[in-house]
Amino acid sequence: MILVARHALRESLRRRIFAVVLALSVLFGALYAFGAHELFKDVSGFAGDSSGLDAKTLAGATILGLAMFGSLFLGSVLAVFLTAGAVRGDAETGTLQPLIVRPLSRRRYLAGRLLAASVVSAGYVAFAYLGAVLLTGLIGHWWPDNVVGSLIRLSGAAVVVSALALLGSVFLTATANGIAVLMVYGAGLLAGLLGEIGDAVPSHSLQRIADIASWALPFEQLYRDALRELVGSAHGVTGAIIQLGPLGGSHDAGPLLLPWAVAYVVLATLLAAWAFTRRDV
Amino acid sequence: MPTPTLSVSALVKRYGATEALRGVSFDIAEGELVGLLGPNGAGKSTLTKIACGLVHPSAGAVTVAGAPAGSEAARRVLGYLAELFRFPGWCTADEVLVLHQRLAGSEKGAGERRELLELVGLGSEGARRVDTMSKGMQQRLGLAQALVGSPRLLLLDEPTSALDPAGRRTVRDLLGELRTRGVTVLLNTHLLSEVEHTCDRVLILDRGAIVADGAPGELTRPRGIEVELAGGTRVFEGASREDAPRIVAELVGAGEQVFAVRVLRSTLEERYLEVVA
């Protein structure tokens, strides 16, 4: 398993995936720093507002929420690129066969691919998120409430996307799987936004749709929960505005979310392994 | 009786309504070099893939050195070169072999890699990246990869399909070398001359069934005697080698001058076309 994971990681390095992603991330970081600087400069005029609005927290949570959306999206794209062709795609190009005729079980092969994709995608998300936290703190002097809690949830969301892409790779060709996973990703985020609207209106139907989607696709709920963890202590007008905005997490998923996300990844991987061991290559 | 290196028993494979293999049975003994012939769609690749565990049989059994095909024990003793394969373009030839050494559990290190690259004519190409290699060089590297870990059974699916005549010669020499090392080989190919010259035994598969099985010499049969006379060449159809002295005596007795006598045999190609027609 470790051997397959190391091979996949080396492939990422040698094919300059990391170099390209790193270069674009530095560019993203520079733009983010500029944006944060301008935003905090603009909201500094709101200090002492009689409405009780904490402008700095609102600005910090909003721009950091935006960075989290961006980093999870890029991390998910990385996960999809690294796993979309892991089984059917690689079998069609003839890359898979020389490996799995060796004394390497198909289960261990899949576990190795998942490990590599998780390390790369979750690692990238963590790197981008921490970079954004650091820039926000240094520029705007605002720090989120629970950096580690958000980090775990956001990185976990990337791992869930990796597991979904790996499962899809057993049944679909690389291109079809890539498209399918990115569409599922978009649908999940859309369901989350509907949930936000459902909370604001309030609408039980929208809340129910969002609840079902968040358990069926836990990456979305992890992302929402990561946003919620940013500003757990923001109350009053500030808390309400943040939570009702598109980059706020108004819904507390409860203590079962993290265990369910872990179980989800394990179940998706076991299902992929079960289907792969029965598949003709 | 020693355990066959590859044993195939009543093997059936169905893809939906299509029956790719219809009760195929044969054994391959240790050290045998067997050529598997057959037209496109005969089931050769399916049979090879079942033997190495890539495809699951619908019925019947395949064992490799006594272990069920596809089991870890079976995969430990075989080497496989797929008809369609690709190594990562970013790897060097040496790195491909390192990866396969680790997967196969081979501890022979750089010495084995050097020897295998020499054996397939890539001795000086160890540091070369796969994506800069020609198709023929990649096919040779594929052969070297299949030999990593000194397998007891080598399954080669069209190993010369991308090779030029020199490359084919290298493969023929390699098969000869493997024979001296006692490696059992199942060679799936369309090149009848290759099989005729290198294999101990030939299996001809047609529409999922074995239609001929024997040594190349056994599969061909006497076709007649050709005699060169002063007035031209005469062919005695159906005559065998044993008939040659009598035919020559009769011709000489009849006043003919005999310059040469040749025993004619059908070629493997003729036999092949006969059984798959």
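Residues numbered from 1 in each chain as written. Chains lettered and ligands numbered in written order. Predicted model: local features only at pLDDT ≥ 70, side-chain atom pairs only at ≥ 80, totals over all residues.

Draft legend 1. Summary view of the overall build of chain B. For chain B, the count of helices and strands is 10 helices and 13 strands. By its C-alpha atoms, chain B is 75 × 45 × 35 Å across when sized along the principal axes. Burial statistics for chain B: of 277 residues in total, 40% are counted as buried. A fraction of 67% describes how many contacts in chain B between residues 6 or more apart in sequence connect residues 24 or more apart. (Helix = DSSP H or I, 4+ residues; strand = E, 2+ residues; numbered from the N terminus. Buried ≥ 20, exposed ≤ 12 C-beta atoms within 10 Å, placed from the backbone. Contact = placed C-beta atoms within 7 Å.)

Draft legend 2. Seen up close, the interface of chain B and chain A. Contact with chain B, which involves 22 residues of that partner, is made by 17 residues of chain A. For the side of chain B that touches chain A, the secondary-structure elements that each account for two or more residues are helix H2 (72-76) and helix H3 (93-104) of chain B. Top contributing element to the side of chain B that touches chain A by residue count: H3 of chain B, with 5 residues. Tallied by class, the residues present in the side of chain B that touches chain A amount to 12 nonpolar, 5 polar and 5 charged. (Nonpolar A, V, L, I, M, F, W, Y, C, P; charged D, E, K, R; others polar.)

Draft legend 3. Broad picture of the domain arrangement of chain B. Residue and element names in this part refer to chain B. As assigned here, chain B comprises domain 1 (1-77 + 151-215), domain 2 (88-145) and domain 3 (220-276). Contact residues are listed per partner, giving 11 residues for domain 1 and 5 residues for domain 3. Of all the elements in the fold, those that place two or more residues in the side of domain 1 that touches domain 3 are helix H7 (192-198), strand E9 (201-206) and strand E10 (209-214). Of the residues that constitute the side of domain 1 that touches domain 3, the class distribution is 8 nonpolar, 1 polar and 2 charged. (Domains from an automatic or database assignment.)

Draft legend 4. Examining the pairing of strand E11 (residues 222-229) of chain B more closely. Residue and element names in this part refer to chain B. As paired strands, E11 and strand E13 (residues 258-265) are joined by 7 bridges and run antiparallel to one another. Paired with Ile225 across the strands is Val263, a residue of E13. As paired strands, E11 and strand E12 (residues 232-237) are joined by 6 bridges and run antiparallel to one another. Following the sheet pairing, Ile225 is matched in E12 by Phe236. A loop of 2 residues connects E11 with E12, the two strands running antiparallel in sequence. (Pairing = 2+ DSSP bridges.)

Draft legend 5. Up close: the confidence of the model for chain B. Here chain B shows a mean pLDDT of 91. Residues at 70 or above account for 100%. This prediction of the complex comes with two scores: 0.84 for pTM and 0.83 for ipTM. (pLDDT = per-residue confidence, 0-100.)

Draft legend 6. Summary view of the nonpolar core. Counting residues in each nonpolar core, the largest one holds 146 residues, and the members touching the most others are Val160 and Val161 of chain A together with Val185 of chain B. For this core, the element with the most residues is helix H6 (residues 106-140) of chain A, which contributes 15 residues. Ignoring any residue separated from it by four or fewer positions in sequence, one finds Val185 of chain B in contact with Leu33, Val34, Leu154, Leu156, Leu175 and Leu178 of chain B. (Core = buried A, V, L, I, M, F, W, Y, C linked by C-beta atoms within 7 Å.)

Draft legend 7. Seen up close, the sheet that holds strand E5 (residues 67-68) of chain B. All names here are of chain B. The strand order across the open sheet built from 4 strands is E2-E1-E4-E5, with neighbouring strands paired in antiparallel fashion. Among the strands making up the open sheet, the edge pair consists of strand E2 (18-28) and E5. Where strand E4 (residues 59-64) meets E5, 2 bridges bridge the pair, whose relative direction is antiparallel. Pairing of Thr63 across the sheet is with Pro68, part of E5.

Draft legend 8. Just the packing of H3 of chain B against helix H5 (residues 135-146) of chain B, in detail. All names here are of chain B. Interaxial distance between H3 and H5 falls to 10 Å at its minimum, and their mutual angle equals 25°. Taken together, the axes of H3 and H5 lie roughly parallel to each other. The element H3 and its partner H5 pack so that their crossing is right-handed. Listed contacts from H5 to Ala93, Val96, Leu97 and His100 of H3 are Leu141, Ala144 and Gln145. For the contact of H3 with H5, the per-class residue count stands at 5 nonpolar, 2 polar and no charged. (Axes fitted to C-alpha atoms, helices over the stretch in contact; angles between N-to-C directions. Parallel < 35°, antiparallel > 145°, perpendicular 65-115°, else oblique. Left-handed = near helix turned anticlockwise from the far one by under 90°.)

Draft legend 9. Fine view of the sheet that holds E13 of chain B. Residues and elements named next belong to chain B. One open sheet accounts for 3 strands, arranged E12-E11-E13; its pairing is antiparallel. Looking at the sheet topology across the chains shown, the edges are occupied by E12 and E13. Strand-to-strand, the axes of this sheet are offset by a mean angle of 20°, without reference to chain direction.

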